[in-house]
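Residues per chain, in single letters:
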Amino acid sequence: MPAVTAENPLNLPRVSAAAESEPRSVLAVSTAPSGFEGEGFPVRRAFAGIDHRHLDPFVMMDQMGEVEYAPGEPKGTPWHPHRGFETVTYLIDGTFVHQDSHGGGGTINGGDTQWMTAGSGLLHIEAPPESLVTSGGLFHGLQLWVNLPRKDKMIPPRYQDIAGGQVKLLASADGGTLLRLIAGDIDGHRGPGVTHTPITMIHASVSPGAELTLPWRPEFNALAYGLSGRGTAGAEGRPFRMGQAVVFGHGETLTIRADEAQESRSPNFEVVLLGGLPIREPMMQYGPFVMNTHAELAQAFEDFQAGRLGSIPAGA
């Protein structure tokens, strides 16, 4: 872990926070419960139990794997609908194939991100390629759901394929952390993801014993999730580890520190950092639909059953 890296982070542009900025304290640390999704691949529900007012504009996030599949074991999802939000699939290890009824699709490999704006609605499928099913192998990634404001819920669907090489690579002020800026901006640097709802998404690899302090837009919320390893969050040093999510309070900077000793299978503390501009509208989610009212959810189901969200392409 992970596929996109830099031989020498010291050669990358640096990100630093102003010394007099207000630090964000930690409001809560929660542990993600484990479950299964789609045809039976293992997931951790990263934000389960966190109040939506701390998540807004995010709806949910699943950590898919990390799992080493034997030949014949890799699994995906069957065809299913979405409406009213965006799905962000960030693959760290392995390969996944996406196809949707709006014409979007492609193969994403380790380090790639697939950004699908469901908008007014579509059908899609995510599955391992036949080569991975045959050989087996490592699979690990994230799927994040980003809400759309009421005015954008019925926009036409859109698909973005963000190759790992497009991700903006940065380093912390002391060079002890490698930052992959997938979407949003930080300290004047911008990631490649084009979003309807303003967000920032970063995958950070924090070296053992290193401390990362980043500037963070004060109007955004702030969340961290441990992908592997262990460390602390906030200036107060609240412990968290793989499979745990951190909710930060208000402020202008956030701090992550890696413990001196890390796991042998992952030498760094791997953390995803998320922030977004809260939409502050009613949110109703049921299954694959995220709308503002119960009536809109009922309409989404009716439209799906009537075939108005698209049809499975011939030969799929």
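A few points on the structure.

Here is what the cut-offs are and how they apply
The residue numbers shown here count from 1 along each chain, following its written sequence. Only residues with pLDDT of at least 70 get local features here, since the model is predicted, and only at 80 or more are side-chain atom pairs given and counted; chain-wide, interface and lining totals rely on the full set of residues. Side-chain calculation: all heavy atoms of the structure are included, whereas hydrogens and water are not. Numbering of helices and strands runs from the N terminus; a helix is a DSSP stretch of H or I covering at least four residues, while a strand is a stretch of E covering at least two. To get the radius of gyration, use the C-alpha atoms; to get the globule rule, take the number of residues to the power 0.38 and multiply by 2.2 Å. Whether a residue is buried, partly exposed or exposed follows from its accessible area with a 1.4 Å probe, protein chains only, as a fraction of its type maximum: under 20%, in between, or over 50%, in that order. Any pair of residues with heavy atoms lying within 4.5 Å of one another is described as a contacting pair. For salt bridges, the criterion is a side-chain nitrogen of Lys or Arg within 4 Å of an Asp or Glu carboxyl oxygen. Here, the term nonpolar core denotes a set of buried Ala, Val, Leu, Ile, Met, Phe, Trp, Tyr and Cys residues that are joined through side-chain atoms within 4.5 Å. For two strands to count as paired, DSSP must find a minimum of two bridges between them. Fitted lines through C-alpha atoms give the axes, limited to the stretch in contact for helices. The angle between two N-to-C directions lies from 0 to 180 degrees. One less than the residue count of a helix, multiplied by 1.5 Å, gives the span that helix is expected to have. This arc corresponds to the set of directions leading from the helix axis out to the C-beta atoms.

Of regular secondary structure, the protein chain possesses 3 helices and 27 strands. On C-alpha atoms alone, the protein chain measures out to a radius of gyration of 19 Å, which is about the 20 Å that the 2.2 N^0.38 rule sets for 316 residues. The buried share of the protein chain, taken over its 316 residues, is 55%. Pairs at least 24 residues apart make up 74% of the contacts formed inside the protein chain by residues separated by at least 6 positions.

Turning next to the pattern of salt bridges. Counted by the stated rule, this structure contains 11 salt bridges. For the salt bridge of aspartate 51 with arginine 53, the shortest nitrogen-to-oxygen distance reads 3.6 Å. Between aspartate 303 and arginine 308 there is a salt bridge; the shortest N-O distance is 2.9 Å. Here aspartate 303 falls in the buried class, since its relative accessible area comes to 8%. Connected through salt bridges with shared partners, the residues Arg83, Glu302, Asp303 and Arg308 form a single ionic network.

Another point: the nonpolar core. By size, the foremost hydrophobic cluster in this structure holds 27 residues, and its most contacted members are Phe47, Met61, Leu144, Met201 and Leu274. When residues of this core are traced back to their parent elements, those giving at least two are β5 (58–69), β7 (85–93), β12 (137–147), β15 (177–183), β18 (199–206), β20 (223–228), β23 (244–248) and β25 (269–276). Once you skip the residues sitting within four places of it in the chain, phenylalanine 47 turns out to touch Leu55, Met60, Met61, Leu144, Leu223, Ala245 and Leu274. Core analysis: the next-biggest nonpolar cluster, separate from the first, contains 26 residues, Leu170, Ala204, Ala258 and Val271 among them.

With that settled, the discussion passes to the sheet that holds strand β3 (residues 34–37). Sheet architecture is open: 7 strands sit in the order β3-β4-β5-β12-β7-β10-β13, paired in antiparallel fashion. Edge positions in the sheet fall to β3 and β13 (158–162), since each has one partner strand and no second. Strand-to-strand twist of the sheet, defined as the mean angle between neighbouring strand axes without regard to direction, takes the value 25°. In this sheet, β5 lies alongside strand β4 (residues 41–45) in antiparallel orientation, the contact comprising 3 bridges. Along β5, the bridge assignment pairs arginine 45 with aspartate 62.

For the rest of this paragraph, the subject is helix α3 (residues 294–305). Compared with the 16 Å implied by 1.5 Å per residue over 12 residues, the 17 Å span of α3 between its first and last C-alpha is a close match. Leu297, Ala300 and Asp303 are the residues of α3 that are buried. Looking down the long axis of α3, one finds its buried residues gathered within 125° of arc, a one-sided arrangement. Turned more than 90 degrees away from the buried face of α3, the exposed residues are His294, Ala295 and Gln305. Buried-residue contacts for α3 involve β26 (284–286) and β27 (289–291). Within two residues after α3, glycine 307 carries a phi angle of roughly 80°, on the positive side.

Attention now moves to the environment of glycine 229. Mapped onto the elements of the fold, glycine 229 is located in the loop between β20 and β21 (230–233). We classify glycine 229 as buried; its relative accessible area is 2%. For the pair formed by glycine 229 and glycine 243, sequence separation is 14 residues and the distance between their alpha carbons is 9.3 Å. Setting aside anything within four residues of it in sequence, one finds glycine 229 in contact with Arg241, Met242, Gln262, Glu263, Asn268 and Phe269.

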